[in-house]
Amino acid sequence: MSSWFKRKDKGIITPTDEKKDTPKGLWYKTPSGKIIDSDDLRAHLYVSPEDGYHVRIGSAEYFEILFDNNKFKELDPKLTAKDPLHFEDTKKYTDRIKEAQKKTNLHDAVRTAVGKSLGKDLVIAAMDFSFIGGSMGSVVGEKIARAIDYSIKKKVPFLMISKSGGARMQEASYSLMQLVKTSAKLAQLADAGIPYISLCTDPTTGGTTASYAMLGDINIAEPNALIAFAGPRVVKDTTGKDLPEGFQRSEFLLEHGFLDKIVKRKHLKEQVNLYIDLIQNNPIRS
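In this report, the structure presented in the accompanying data block is examined. For every chain, the first residue of its written sequence is number 1, and the numbers climb from 1 along that sequence. Where totals are concerned, whole chains, interfaces and linings use all residues; where local detail is concerned, this predicted model gives features only for residues with pLDDT of at least 70, and gives and counts side-chain atom pairs only at 80 or more. Only hydrogens and water are removed before side-chain values are computed, so all heavy atoms of the structure are retained for them.

Some remarks on a nonpolar patch on the surface
- Nonpolar side chains (Val, Leu, Ile, Met, Phe, Trp, Tyr) are joined into patches within 5 Å and like charges within 9 Å, using only residues with over 30% relative accessible area and no salt bridge. Per-residue and other accessible areas were derived by the Shrake-Rupley procedure at a 1.4 Å probe size, with only the shown protein chains allowed to occlude residues. Here, a salt bridge means any side-chain nitrogen of Lys or Arg that lies within 4 Å of a carboxyl oxygen of Asp or Glu. Together, L85, Y174 and M177 give the surface a local cluster of nonpolar side chains, amounting to about 280 Å² of exposed area.
- A run of H or I in DSSP becomes a helix once it reaches four residues, and a run of E becomes a strand once it reaches two; helices and strands are each numbered from the N terminus. You can see L85 is positioned in the loop between β3 (73-75) and α3 (93-104).
- With a 1.4 Å probe rolled over the protein chains alone, any residue whose accessible area is under 20% of its type maximum counts as buried; one over 50% counts as exposed, and the rest are partly exposed. In this structure L85 comes out as partly exposed when scored by relative accessible area, which is 38%.

Below, the structure written as structure tokens:
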């Protein structure tokens, strides 16, 4: 028998330091084809170290990044949507809400909280795209309005993290009312002289862009985020023209004066608090 089919040495003799570990978690593939272990991705704040791609994250991850020691008090945590229109498409709206709540362990598409960020209080409203596409319904508008009320009452700066597909069609005009409602509340916040920082993440579209996402004292965005009212496919179909490269992405919008700055996730906490210190004319924290 050929020696190829015989074990030459008994047992496994690979030194320990040469053994290859099996992956501890799942792997994530970025749009450019780069592959990264999920544990490494988390360690880099869900940004691929291979190509800088910012993976979509939700409120839990943003709270962890921005609040000191991930300690915060959630505001209005159990506010949930009703179905005033008794809406039904392929399924009942009430069933769609229940399914989204079960799947995401969230009550609706935004969470609001207050906690310390670099040692000072900050109110954050962070949207979750995983909940029916981050769509704006009456609960989203009400929670943001109440968070702004808290900021005004306690004189605490406000940060809005937008990530949305737009208005929630199942609530029709109730959803559209949230544009006016949140904009009015932000006007009250401005009158009170309290800083408002708006962070646009991928994607920020529709009614969100048409209201609170663009009303910040400072409007910032993550790299390569889609920010638009109507998306590029709709714009192209409507105009019949080819769109510029990178159309409606953060970098394009910054170049055209729509944004103040693009901030990488690893600098987010420092940058948000720097703006707040500058607006309030306070000593800059590090």
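Here the narrative resumes.
With respect to helix α4 (residues 138-154)
- Multiply 1.5 Å by the residue count of a helix minus one, and that product is the helix's expected span. Across its 17 residues, α4 extends 24 Å between first and last C-alpha, which sits within 8% of the 24 Å expected from 1.5 Å per residue.
- Considered for burial, the residues of α4 that qualify are V139, V140, G141, K143, I144, A145, A147, I148, Y150 and S151.
- Two residues form a contact once any of their heavy atoms are found within 4.5 Å. Elements in contact with the buried residues of α4: β3, β4 (110-117), β5 (120-127), β6 (158-164) and α5 (172-191).
- Trailing α4 by a residue or two, K155 shows a phi angle of about 55°, which is positive.

Observations concerning the side chain of R285
- Along the chain, the position of R285 falls in the segment after α8 (268-279).
- Exposure remark for R285: the relative accessible area of 17% places this residue in the buried category.
- For the purposes of these results, a polar contact is taken to be a pair of N or O atoms within 3.5 Å, where, inside protein, one atom must be able to donate a hydrogen and its partner to accept one; residues adjacent in sequence count only when each atom of the pair is a side-chain atom. There is a polar contact of 2.9 Å between the side chain of R285 and the backbone oxygen of S117.
- Those residues in contact with R285 that lie beyond four places of it in its chain are S117, L118, K120, N273, I276 and D277.

A word on the pairing of strand β8 (residues 218-221)
- Residues I218 and I220 line one face of β8 and the alternating positions N219 and A221 line the opposite face, and both faces are buried.
- Any two strands between which DSSP finds at least two bridges are classified as paired. Where strand β7 (residues 196-204) lies against β8, four bridges are found, and the strand directions are parallel. Looking at the pairing, L199 lines up with I220 of β8.
- Sheet analysis places β8 next to strand β9 (residues 261-262), joined by two bridges and oriented parallel. Directly across from I220, in β9, lies its bridge partner K261.

Here's the deal with the pattern of salt bridges
- As enumerated under the stated definition, the model contains 17 salt bridges in all.
- Of the charged contacts in the structure, one is a salt bridge between D68 and K269, with a shortest N-O distance of 2.7 Å. Of this pair, D68 sits in the loop between α2 (59-66) and β3 while K269 sits in helix α8, and the two are 201 residues apart along the sequence.
- Between D277 and R285 there is a salt bridge; the shortest N-O distance is 3.0 Å.
- Residue D277 is classed as buried on the basis of its relative accessible area of 0%.
- Residues joined by salt bridges that share partners form a network here, namely D76, E142, R146 and K181.

Some points on the packing of aromatic side chains
- Between the rings of Phe, Tyr and Trp (Trp by its six-membered ring), a pair exists once the centres lie within 6.5 Å; its type follows the angle of the planes, with under 30 degrees stacked, over 60 edge-to-face, and the other angles tilted. In the structure shown here, the tally under the stated rule is five aromatic pairs.
- Summarising the aromatic geometry, the rings of F67 and F72 are spaced 5.4 Å apart at their centres and angled 25° between planes, so their arrangement reads as stacked.
- With relative accessibility at 1%, the residue F67 sits in the buried group.
- Judged by its relative accessible area of 30%, F72 is partly exposed.
- On the numbers, 5.5 Å between centres and 75° between planes, the contact of F247 with F252 is edge-to-face.

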